[in-house]
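Structural overview for review
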Amino acid sequence: MHGFIKRKVGVLFKVVIILLISTLVVTGCEKKYKIERGFESLPKSALITIGARSETDTFTKDNVAFDIYYGLYDIGYNEKNYPDPKVHYNSKENESILFGLYICTEEYVSDIMNGAKIPDYKTIENHYFVKEISEQEAFMEEYGFRMSRWKGTTYNHKEENTIPAEFFCKEKGDFVVKIIAYCFSKPMTKGKNFIATTWCGSIFTYETIDENTIRII
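These remarks concern the structure in this document. (Residues numbered from 1 in each chain as written. Predicted model: local features only at pLDDT ≥ 70, side-chain atom pairs only at ≥ 80, totals over all residues. Heavy atoms only, no water.)

1. Things to note about the sheet that holds strand β5 (residues 73–74)
The strand order β5-β9-β10 describes an open sheet built from three strands, whose pairing is mixed. Each end of this open sheet is capped by a strand with a single partner; those strands are β5 and β10 (152–155). Summarising the sheet, strand β9 (residues 144–148) and β10 pair through four bridges and their orientation is antiparallel. Across the sheet, residue Phe145 finds its bridge partner in β10, namely Tyr155. (Pairing = 2+ DSSP bridges. Helix = DSSP H or I, 4+ residues; strand = E, 2+ residues; numbered from the N terminus.)

2. Observations regarding unusual backbone geometry
A positive phi angle, near 70°, is found at Asn126, a position not held by glycine. Residue position: Asn126 is located in the loop between β7 (117–118) and β8 (128–134). Residue Asn126 is classed as partly exposed on the basis of its relative accessible area, which comes to 35%. (Buried < 20%, exposed > 50% of the residue type's maximum accessible area, 1.4 Å probe, protein only.)

3. Concerning the nonpolar core
With 34 residues, the main nonpolar core has Phe66, Tyr70, Leu72, Phe99, Ile163, Phe175 and Ile216 as its most contacted residues. Breaking this core down by element, the ones donating at least two residues are β2 (49–54), β4 (64–71), β6 (95–105), β12 (172–185), β13 (194–210) and β14 (213–216). The dominant element in this core, judged by the number of residues it contributes, is β12, at five residues. For Ile163, the residues in contact, after removing those within four places along its chain, are Val64, Phe66, Ile103, Phe168, Phe175 and Val177. (Core = buried A, V, L, I, M, F, W, Y, C linked by side-chain atoms within 4.5 Å. Contact = heavy atoms within 4.5 Å.)

4. Observations regarding the pattern of salt bridges
Considering all chains together, one arrives at seven salt bridges under this definition. The shortest N-O distance in the salt bridge between Asp57 and Arg215 comes to 3.8 Å. Pair noted here: Asp57 is in the loop between β2 and β3 (58–60) and Arg215 is in strand β14, with a separation of 158 residues, a long-range link. Look at Asp57 and you get buried, because its relative accessible area is 13%. Here Lys122 ties to Glu132 by a salt bridge, and the two come within 3.7 Å at their closest N and O atoms. One end of the pair, Lys122, is in the loop between β7 and β8; the other, Glu132, is in strand β8, with 10 residues separating them in the sequence. Owing to a relative accessible area of 43%, Lys122 belongs among the partly exposed residues under this scheme. Three or more residues joined by partner-sharing salt bridges are found here, namely Asp57, Glu207 and Arg215. (Salt bridge = Lys/Arg side-chain N within 4 Å of Asp/Glu carboxyl O.)

5. What about the environment of Glu135?
On the secondary structure map, Glu135 appears in helix α3 (residues 135–138). Taking relative accessible area as the criterion, Glu135 reaches 24% and is therefore assigned partly exposed. Sequence separation of Glu135 and Ile97 is 38 residues, and the distance between their C-alpha atoms is 5.3 Å. Setting aside residues up to four positions removed in sequence, Glu135 forms contacts with Lys86, Glu95, Ser96 and Ile97. Here the side chain of Glu135 touches Ile97 through a polar contact of 2.9 Å, landing on its backbone nitrogen. (Polar contact = N/O pair within 3.5 Å; in protein donor to acceptor, adjacent residues only side chain to side chain.)

What follows is the structure in structure tokens.
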């Protein structure tokens, strides 16, 4: 009987040690980010969400690069309510949708409001065009996101983006990572415009440390 109890205590002790080690490993592996935003749980479903993370907040002016996370539809919300996330963007049956990713300064963030007509989404004044996401890509799981009261916002897609040095011309200023959704006729006919339906932007404030160094505040 004494031997049985001793063995049982030994097993329990090993289990406790394993759990303790596992907890320490997991805790130790958690990254600490100097820049982290856009991962909180929003009060209601959003069409587009943007997040950012970086282990450092200080960069050389010509290499301000960090991870941008973004989602173009809420996977969980659509699973419960709408089979086609495209319906949220107010497109008509004969229209397609595409998304543009841009960088601009804060003073131009609201230049393209809902309903704005754009002849060429790749050459918008005061906007640096980064990339486009087609309708086919946008509504794949890769560009979806989920919201949870406990986990916050989780993204399926991230990419490293470098902010052009031209955006850091002041001692202190702001730049915006911005996504705009557009509807357009299909096929696109000559003279037609792209119609902005919605947009989302994340504003970053920077300060100049010295001639070659930028810090994101």
